Structures are given as C-alpha cells and as structure tokens.
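Report on the structure
So the chains spell out like this:
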Amino acid sequence: MTQDDGELDSLVRKRIRALRVAQGWSLEELANRAHLSQSTLSRIENGQRRLALDQLVTLARALGTSLDQLVETAADDIVTSPMIDAAHGLMRWTMKSESGMSVVRQRMTEPPPDNPARMRAHPGREWLVVLSGTAILMLGHKRFRIEANQAAEFPTMLPHAIGAEGGPCEILGIFDRDAQRGHKADAPAQPD
C-alpha cells in the first residue's frame, strides 16, 4: 500500500465516523442499518480492520451517500481565484461544479445589454439570488429589479440577460447543464 493509499484509507474511515456522528447515530445504530456487527464497524472506523469494497458500498448506502462521495479525494479546488471578463464587466468564482449543475458566484458592474440581440436563450433553468447591490434581469421584453436577498428562477428558453444597476452587484447562480453550456457561448468554437 502506498502512502497515498494510506491517506485515502484514513480519510474514508474519518468520513464514515463523521457522517455517523452528524446523523446522531451510535455505532450500534449504523451497524444495524449497514447489517454489520458493532465490533466490525468500530474496527473499520478505528483502522483495525481492512476496508472491504462490499462493506464500503453497504456503509455508503446506510449513511445516505454514494461510494464515489465516500472515497473522493478532490481537494485541489478548496480555494479558487476569480475569472475576470473585463469586456463584460464580470468577475466569477466557480463554487461547485458537478455533472448536470454548477453553482457560480458572480460580481457584475455593467447593466444588462439594451440590444435584445445580445440576450441568450438555450435549454435549461437558472436560479439566482442577489447577495449585494441590485441586479436587473431582462426576460424577453420584461425587466425585473432584484434587490439583495431576493431570488429569481426562470426557464432559459426565454431570451435573458442580467446586469447591475446603480453600482456593482454580486449574485449566486445555479445553472443546470444546458444553461451552463449556453453561457459558455462566448468561448471560441472548438473543432469537432
């Protein structure tokens, strides 16, 4: 076993214990849910028993998580730097990205475009909350003013654009996969 394997082994054991404690479950309660003996679970958590794949699958289910989440090691993206799009007055921090969904914190300084041709429409849905300042959401021919702590949700097949009003604003947005793709349209086309 390499040092990395040992670190993963230790991490998985800590996660199992932390998830159990977060649920408020005793060793006995999780052991019953996972169809293991209490002593086996105790030895798994304490590193005195080898981690077996079938037991990890059973424990993941009992803890309400997936095997992937139980063993994932991606810790490279704990601290992120903003991506700056000076041409559009945007600063973005990608907060989380999963298959099918992304969560983005965005700072806007420019108002939404006046030209309807610059609005986007694409399959999907978006949800956003204004963290600070005032945002303007253009949906088709309608204009919505969204203040700090207010949220909006809309289907992205409606032509839409968002920008700031009266100074910078920060929003937190959740995009499904199709909406996320639609907002990458400014990127140069890649050959197939």
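Scroll up to find the structure this text is about.
Rules of the game
As a convention, each chain's residues are numbered from 1 in the sequence order in which they are written. Per-residue local features are limited, in this predicted model, to residues with pLDDT of at least 70; the limit for side-chain atom pairs, both in listing and counting, is 80 or more; totals at the level of whole chains, interfaces and linings are taken over all residues. To obtain the side-chain values, all non-hydrogen atoms of the structure were included, while hydrogens and water were left out. Pairing between strands is defined by DSSP: at least two bridges between them are needed. Put simply, DSSP marks the helices as runs of H or I at least four residues long and the strands as runs of E at least two long, and each gets a number from the N terminus on. Think of each axis as a best-fit line through the C-alpha atoms, taken over the contacting stretch in the case of a helix, with angles from 0 to 180 degrees between the N-to-C directions. Oblique is the label for any angle not under 35 degrees, not over 145, and not in the 65 to 115 range, which are roughly parallel, roughly antiparallel and roughly perpendicular in turn. Whether two residues are in contact is decided by their heavy atoms, any of which lying within 4.5 Å being enough. All residues other than Ala, Val, Leu, Ile, Met, Phe, Trp, Tyr, Cys, Pro, Asp, Glu, Lys and Arg, Gly among them, are scored as polar; the first ten of these are nonpolar and the last four charged. Each nonpolar core is a collection of buried residues, namely Ala, Val, Leu, Ile, Met, Phe, Trp, Tyr and Cys, held together in the definition by side-chain atoms within 4.5 Å. Only protein chains enter the accessibility calculation, which uses a 1.4 Å probe; a residue whose area is less than 20% of its type maximum is buried, one above 50% is exposed, and one in between is partly exposed.

**Focus: the sheet that holds strand 6 (residues 142-147)**
Pairing in this open sheet of three strands is antiparallel, and the strands run 6-5-8 from one edge to the other. Each edge of the open sheet carries a strand with a single partner, namely strand 6 and strand 8 (160-164). Neighbour-to-neighbour, the strand axes of this sheet turn through a mean angle of 20 degrees, independent of strand direction.

**Points about the packing of helix 2 (residues 27-34) against helix 3 (residues 38-46)**
With their axes 8 Å apart at the nearest point, helix 2 and helix 3 run at an angle of 105 degrees to one another. When the axes of helix 2 and helix 3 are compared, the pair comes out roughly perpendicular. Each of Leu27, Glu28, Leu30 and Ala31 in helix 2 lies in contact with helix 3, whose residues at this interface are Gln38, Leu41, Ser42 and Glu45. Looking at the contact of helix 2 with helix 3, its residues break down into four nonpolar, two polar and two charged.

**Re the nonpolar core**
Of all hydrophobic cores here, the largest spans 16 residues; its most connected members are Ile16, Leu30 and Leu59. Elements that contribute at least two residues to this core include exactly helix 1 (3-23), helix 2, helix 3 and helix 4 (53-62). Top element by residues in this core is helix 4. It accounts for four residues. Leaving out residues up to four positions away in the same chain, leucine 59 has contacts with Ile16, Leu30, Ala34, Leu36, Leu41 and Ile44. Within the second largest apolar cluster, 12 residues are counted, among which are Leu128, Ala135, Leu137 and Ala164.

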